[in-house]
Amino acid sequence: MPMKSFPRPSDLPVPAGAEGWEKIYPYYLVFQDELKDIEDEKFWFCDSQHWPTAFKPFETIGGEFAVKCLGQYNARHLMIPNANGIDFRVHLGYLYMSPIPVPEEQIEARLPEFQARIGHYFANWDTMLDQWRTKVRGTIDELESLRFDPLPEIVPMDDIVSGKAMDGSEVLMENYDRLIQLCYQNWQYHFEFLNLGYIAYLDFFNYCKEIFPDIPDQSIATMVQGVDMELFKPDDELKELAALAVELGLQSRFDNTDNAAEVLDAIAAAKGGTRWLARWEEAQDPWFNFTTGNGFYAHDVYWREELSIPLGFIADYIRRLDDGQQIMRPTEALIAEKDRIVGEYQDLLDSEQREVFDAKRQLAATAYPYVENHNFYIEHWTMGVFWRKVRELARTLVHHGVFAEEGDLLYLNRNEVRDVLFDLVTSWGVGAPQGPIAPAYWPPVLEERKAIVTALKTARPQPALNTPPESITEPFTRMLWGITTEQVQSWLSADDEDSSGLKGMAASPGVVEGTARVIMDASQIHEVEQDEILVAPITAPSWGPIFGKLKATVTDIGGMMSHAAIVCREYALPAVTGTGNASTKIRTGQRLRVDGTRGTVEILDVEETLPEVSGPGAHSHAHAPVGG
Amino acid sequence: MNYVQTFHADIEPELENLGGKGASLVTMTAAGMPVPPGFVVTTAAFDSFLSDSGIADEILSELNGLDTDNVTEVDTVSARIRERLTSAEVPESVRTATRDAYDELITQCGGEVPVAVRSSATAEDLPDASFAGQQDTYLWINGYAGVTDHIRQCWASLYTSRAIIYRLKNSIPDEGLSMAVVVQKMVNARTAGVAITMNPSNGDRSKIAIDASWGVGETVVSGLVTPDNILMDKVTLQVVTEHIGEKHIELVPADGKLAEREVSAERAEVRCLTDEEVTSVASLAKRAEKHYQCPQDIEWALDRDLPDGENLLLLQSRPETVHSSAKKKTETDESVKKPATAGIDLGSITASLMKSNG
């Protein structure tokens, strides 16, 4: 059977207005004409799970650090026998990945190294994870300490007296470099335990499949998943605050939460308000270092900086409590159900099998919760501080006349920002009357880049590029992204199929019918209404507060262990993940039947399908003519 | 000695009195499972009939020196014995007990209902599975006369030519050979089938395999249709795989008896169970397994006369023996060559990662 293919990078039309897009990203991130033969030979899949919308140039930092650091643990730290890292490129604003295999003849030699390394981690898990928390906290504390103050008018007298002999600009430059380095540092730490968590999970997974050949993936996941996880803590804190507000009779103060300061003042003036505010303050550190986004975008909004967001969620929880709804996660019931599932599978085994089963489950249950919990420390907390510091720097650059507005910085890549800093400190240092050169150089470039990014966002990425391999073997690709041979085939055959149905992973059991709400990014999540079915490229667990309203969830990308799958199982919602194109195929308002047990989504009222996004133009690779 | 035992009578079921099927139905009823009501005509009733009518002695002399290779002779003997079993007078005490039990059942059902009459042999646990198949089942029997007539037919089924030859060839003595008969309210099945509390194709005990078709379950048991086949996870009750069969006929009541009827092409190709019903059937099978502490093979039916939620009935549950015994054998083989390793097993972890490269 001839293998069907996805388009080549050069086959893709450039959206109108995005011509010249490749020049806004660093050269090493885009496909190169010189490497076309090599790059077209490889299969690339789009990670729209983590990067659902087009990058602004500065924002590639998250993608670069995350995917690089993931890869280094395979290729350089743990010596995974059969998997090196994941190569990646930005194409038309989206991140595409290509796993790098280990040549067959090298696998054997890596085995002893691999076993020694993972053996050490698994044998010292708790100690090393404690060290990890200390390291990560240290990074975050240092990030918090970085200052990007405006440069002084003159060097202070004290520095003259002490003979410091520095003008202060070095602090700005050092802190910028340190900001990037600290971000890089926590991304390295991010993956110290992540791949191990997946390895332990995979070992248990495969053993389960051996002894219970058709065991649903969901059952395996449930048996190792933590119930009381740090990642759910921010949402739990809001629920507790809502319950306390009800207990203290403060409901009426939450009628309109748009202006956080007013709400908090009103609470302070109310009886019992002091007690509530004390609890509110306590919850913020660290749990409000939490974003409704996923930490990878500068536009991600963090609770601690936009208090109207947590207040709005609290107000919603208060309404539900007043309606007599149960808002707390049924933790005890979830634990009891997990114990029941583990117990019933155990009972089916003889004593030898049971010993192996218990050992593997124990290891997976120890190592796996990290896969969830790290998210709070890195994506939410670290990146929250990082983006806040970037904004502080941007403010100072605006203050010095480098940029007209704070958001301009994001349209430079991080090395261009360094150039701008040299521009600033030089012009400032020499006392140039016109200030930095930047305002003479950047405005037209910024205008062009803003237009390009806007244009890139109008097109959805392809699920993948080029010809897929006969089978997808890289274990992390399969687990983390749900990119399996079957999945890729289903993407490829999507065009041939009955247009009313979608197939994905049966990520969380149950069947419901309801109305679709398509949400393309975090900024739209307030549109979700009670009892709708969420359809999104991805979901983030930080959308927690809306999950209580949902009937089911459908995503484009993500496997059994994607955040969407886990949070849905946690909230006992049916979920189908990894459908490839649900968010573009389904429209808000359509009736859906979601079967999270079988992994199918049926559009009950089919209309005509959406037109393909197309646009004229060419980019660095020679383009095929764009058809109608 | 009781000649009749109702399913719900609070008497410890004895296999030798009730036969395998009868004992199982009494046990399941006592365990609170949804078994249609009925009663068992015990082996004591059969024994009493044989001795009072003198047939016991006749059988012994008929079989004495019978040449099992002489098929014609065996057939003649078989016919003679069966003729006696279906016509000789049944003792008054047995008749009264049966009549009372039948009347009670009719009262319990709120009026005249069709019943199933099935033989329930004490020797059903013999290793040769085909032996069980020699027992008879009569469905949709109306009226007391029909019931007694078919009870006798069940008795007579002990002396078919095949049964006679089987026993003689395997030196199974006829002394002590007996037969109980189950009389049970007939389920007006909309959908029925079987369920095995394991995956019969690989012995995976974490699965439940359901076969289901339209109408009375005989079509599934006897292989008259390709049933819907649904494999479920026993622990989470999720559907793992399903194949929709071609259920081209169904067995449904017509003019006071069961008749085969064509199923429309449209209905033949849709699953004959709703999601909720699939879960209910699996839960029922699971309950039966839990009760008996070993894998079960159950027969079930959804009664079209009962309301949703109360319409799933358990008709039979017996140990699944084929795969259970096969599995033990392989386990022994494997345990010799592959000792299990507990603790952190780096070899296994490596193998897991490499598996996909295979």
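As the structure is a computational prediction, the values presented were derived from the model and not from experiment. (Residues numbered from 1 in each chain as written. Chains lettered and ligands numbered in written order. Predicted model: local features only at pLDDT ≥ 70, side-chain atom pairs only at ≥ 80, totals over all residues.)

K.L.:
What is the right way to look at the overall build of chain A in this model?
P.N.:
Within chain A, the secondary structure is distributed over 22 helices and 12 strands. Taking 25 Å as the expected radius of gyration for a compact globule of 628 residues, we find that chain A reaches 26 Å, a close match to that expectation. Taking the principal axes of the C-alpha coordinates as reference, chain A spans close to 80 × 70 × 55 Å. Residue burial in chain A is summarised as follows: out of 628 residues, 48% are buried. For chain A, restricting intrachain contacts to residue pairs at least 6 apart in sequence, the fraction spanning at least 24 positions comes to 71%. (Helix = DSSP H or I, 4+ residues; strand = E, 2+ residues; numbered from the N terminus. Rg over C-alpha atoms; globule rule 2.2 N^0.38 Å. Buried ≥ 20, exposed ≤ 12 C-beta atoms within 10 Å, placed from the backbone. Contact = placed C-beta atoms within 7 Å.)

K.L.:
In this structure, what is going on with the overall build of chain B? I would like to understand it.
P.N.:
On a plain count of helices and strands, chain B comes out with 13 helices and 13 strands. Residues classed as buried in chain B amount to 44% of the 358 residues present. The contacts of chain B with a sequence gap of at least 6 include a subset with a gap of at least 24, amounting to 67%.

K.L.:
What's the story with the domain arrangement of chain A in this structure? I'm lost.
P.N.:
By convention, interface size is frequently given as the accessible area that disappears when the constituent parts associate. Residues and elements named next belong to chain A. When its domains are assigned, chain A resolves into domain 1 (133-209 + 371-456), domain 2 (218-347) and domain 3 (498-603). Computed from C-alpha coordinates alone, the two centres of domain 2 and domain 3 are separated by 22 Å. In this assembly, 19 residues from domain 2 lie in contact with 17 residues from domain 3. Only helix 8 (217-224), helix 9 (233-247) and helix 12 (308-322) provide two or more residues apiece to the side of domain 2 that touches domain 3. For the side of domain 2 that touches domain 3, the class distribution of residues is 7 nonpolar, 7 polar and 5 charged. (Domains from an automatic or database assignment. Nonpolar A, V, L, I, M, F, W, Y, C, P; charged D, E, K, R; others polar.)

K.L.:
Would you mind going over the domain arrangement of chain B with me for this structure?
P.N.:
Residues and elements named next belong to chain B. Along its sequence, chain B is organised into domain 1 (4-185) and domain 2 (189-323). Once you take the C-alpha centre of each, domain 1 and domain 2 turn out to be 26 Å apart. Each partner contributes residues to the interface: domain 1 has 12 residues there, and domain 2 has 15 residues. When residues of the side of domain 1 that touches domain 2 are traced back to their parent elements, those giving at least two are helix 1 (15-30) and strand 4 (137-141). Here the side of domain 1 that touches domain 2 is composed, by residue class, of 8 nonpolar, 3 polar and 1 charged.

K.L.:
Any chance you could explain the sheet that holds strand 8 (residues 228-233) of chain B here in plain terms?
P.N.:
Residues and elements named next belong to chain B. Read from one edge of the open sheet, 6 strands run 9-8-7-6-12-13, paired in antiparallel fashion. At either margin of the open sheet sits one strand with a lone partner, and together these are strand 9 (239-243) and strand 13 (312-319). Strand-to-strand twist in this sheet, taken as the mean axis angle between neighbours without regard to direction, amounts to 15°. Pairing analysis gives 7 bridges linking strand 6 (residues 189-196) to strand 12 (residues 296-303), with the strands arranged antiparallel. Looking at the pairing, G193 lines up with W300 of strand 12. Those strands touched by helix 11 (residues 275-292) are strand 6, strand 7 (207-214), strand 8, strand 9, strand 12 and strand 13, and its axis lies near 140° from that of strand 12. (Pairing = 2+ DSSP bridges. Axes fitted to C-alpha atoms, helices over the stretch in contact; angles between N-to-C directions.)

K.L.:
I tried to follow the environment of N202(B) on my own but got confused; where do I start?
P.N.:
All names here are of chain B. As for its position among the elements, N202 is in the loop between strand 6 and strand 7. A residue is classified by how many C-beta atoms lie within 10 Å of it, and N202, with 13 of them, is partly exposed. Taking C-alpha positions, N202 is 42 Å from L105, a pair spaced 97 residues apart along the chain.

K.L.:
Any chance you could explain the interface of chain A and chain B here in plain terms?
P.N.:
In this assembly, 38 residues from chain A lie in contact with 32 residues from chain B. Of all the secondary-structure elements, those providing two or more residues to the side of chain A that touches chain B are helix 3 (104-123), helix 7 (194-211), helix 8, helix 13 (331-347) and helix 14 (351-367) of chain A. For the side of chain A that touches chain B, the leading source of residues is helix 3 of chain A, giving 7 residues. Here the side of chain A that touches chain B is built from residues that sort into 22 nonpolar, 9 polar and 7 charged.

K.L.:
Please explain the packing of helix 4 (residues 71-87) of chain B against helix 8 (residues 161-169) of chain B as it appears in this structure.
P.N.:
In a packed pair of helices, the relevant descriptors are the angle between the two axes and the axis-to-axis distance. Residue and element names in this part refer to chain B. One can describe the packing of helix 4 onto helix 8 by two numbers: an axis separation of 9 Å at closest approach and a directional angle of 115°. With respect to each other, helix 4 and helix 8 are oriented roughly perpendicular. In this structure, helix 4 meets helix 8 at a crossing whose hand is right-handed. Between helix 4, through V74, D75 and S78, and helix 8, the contact on the second element is made entirely by S161, I164 and I165. (Parallel < 35°, antiparallel > 145°, perpendicular 65-115°, else oblique. Left-handed = near helix turned anticlockwise from the far one by under 90°.)

K.L.:
Just checking my understanding: could you explain the sheet that holds strand 4 (residues 464-465) of chain A for this structure?
P.N.:
Strand pairing within a sheet occurs via backbone hydrogen bonds; the two strands may be parallel or antiparallel. Residue and element names in this part refer to chain A. Strand order in this open sheet of 4 strands is 2-3-1-4, and the pairing throughout is antiparallel. Since the sheet does not close on itself, it has two edges, and those belong to strand 2 (83-91) and strand 4, each with one partner. As judged from the 2 bridges shared by strand 1 (residues 44-46) and strand 4, these two strands associate in the antiparallel manner. Bridging from a neighbouring strand, F45 pairs with A464 of strand 4. The sheet contacts of helix 2 (residues 60-77) involve strand 2 and strand 3 (94-101), and relative to strand 2 the element is tilted by about 165°.

K.L.:
Just to check I follow, could you spell out the packing of helix 2 of chain A against helix 6 (residues 169-190) of chain A for this structure?
P.N.:
All names here are of chain A. For the pair helix 2 and helix 6, the least separation of the axes is 8 Å and the interaxial angle reads 40°. Crossing handedness for the pair helix 2 and helix 6: right-handed. Facing helix 2, whose interface residues are I61, F65, A66 and C69, helix 6 presents C183, Y184, W187, Q188 and H190. Split into classes, the residues belonging to the contact of helix 2 with helix 6 amount to 7 nonpolar, 2 polar and no charged.

K.L.:
Would you take a moment to explain unusual backbone geometry for this structure?
P.N.:
Most peptide bonds are trans, and most residues other than glycine sit at a negative phi. Residues and elements named next belong to chain A. In the segment running from D285 into P286, the intervening peptide bond is cis, with an omega of 5°. In this fold, P286 is placed in helix 11 (residues 273-287). The phi torsion at M79 lies on the positive side, around 50°, for a residue other than glycine. Among the secondary structure elements, M79 is positioned in the loop between helix 2 and strand 2. In this structure, L92 is a non-glycine residue whose phi angle is positive, near 50°. Within the secondary structure, L92 sits in the loop between strand 2 and strand 3.

K.L.:
What is the right way to read helix 11 of chain A from this model?
P.N.:
One turn of the α-helix equals 3.6 residues, which is why residues spaced by three or four share an orientation. Residue and element names in this part refer to chain A. Compared with the 21 Å implied by 1.5 Å per residue over 15 residues, the 21 Å span of helix 11 between its first and last C-alpha is a close match. Of all the residues in helix 11, the buried ones are W276, W280 and W287. Down the axis, helix 11 shows its buried residues gathered within 65° of arc, on one side only. Along helix 11, exposed side chains directed more than 90 degrees from the buried face belong to A278, E281, E282 and D285. If you follow the buried residues of helix 11, they end up packed against helix 9 and helix 10 (260-269). (Expected span 1.5 Å × (residues − 1). Arc of directions from axis to C-beta.)

K.L.:
Looking at this structure, how should I read the environment of P469(A)?
P.N.:
Residue and element names in this part refer to chain A. Mapped onto the elements of the fold, P469 is located in the loop between strand 4 and helix 18 (475-481). Judged by the 15 C-beta atoms lying within 10 Å of it, P469 is partly exposed. Note: C-alpha distance between P469 and R304 (165 residues apart in sequence) is 45 Å.

K.L.:
Help me out: how do you make sense of helix 13 (residues 346-355) of chain B in this one?
P.N.:
The set of residues buried in helix 13 of chain B consists of I349(B), T350(B), S352(B) and L353(B). Projected onto a plane normal to the axis of helix 13 of chain B, the buried residues spread over an arc of 155° and lie on a single side. On its buried face, helix 13 of chain B sits against helix 3, helix 7 and helix 18 of chain A.

K.L.:
What is the right way to look at the pairing of strand 3 (residues 115-121) of chain B in this model?
P.N.:
Regular strands have side chains that alternate between both faces of the sheet. Residue and element names in this part refer to chain B. In terms of burial, strand 3 is largely enclosed, as 7 of its 7 residues are buried. Side chains V115, V117, S119 and A121 project from strand 3 onto one buried face, and the interleaved A116, R118 and S120 project onto a second face that is buried too. Note that strand 3 and strand 4 share 3 bridges and pair antiparallel. Bridged to V115 within strand 4 is I141. Where strand 3 meets strand 5 (residues 179-185), 7 bridges bridge the pair, whose relative direction is antiparallel. Directly across from A121, in strand 5, lies its bridge partner M179.

K.L.:
How should the confidence of the model for chain A be read in this particular structure?
P.N.:
As a note on interpretation, predicted positions should not be read in detail where pLDDT is low. Scored by pLDDT, chain A has a mean of 88; 93% of the residues are at 70 or more. Taken as a whole, residues 608-628 of chain A scores under 50 in pLDDT and shows 38 contacts with residues more than four places along the chain or in a different chain. (pLDDT = per-residue confidence, 0-100.)

K.L.:
Whenever I open this one, the environment of L314(B) confuses me. Can you help?
P.N.:
All names here are of chain B. Along the polypeptide, L314 turns up in strand 13. For L314, a count of 24 C-beta atoms within 10 Å gives the class buried. In this structure the C-alpha to C-alpha distance between L314 and N229, which are 85 residues apart in sequence, comes to 18 Å.

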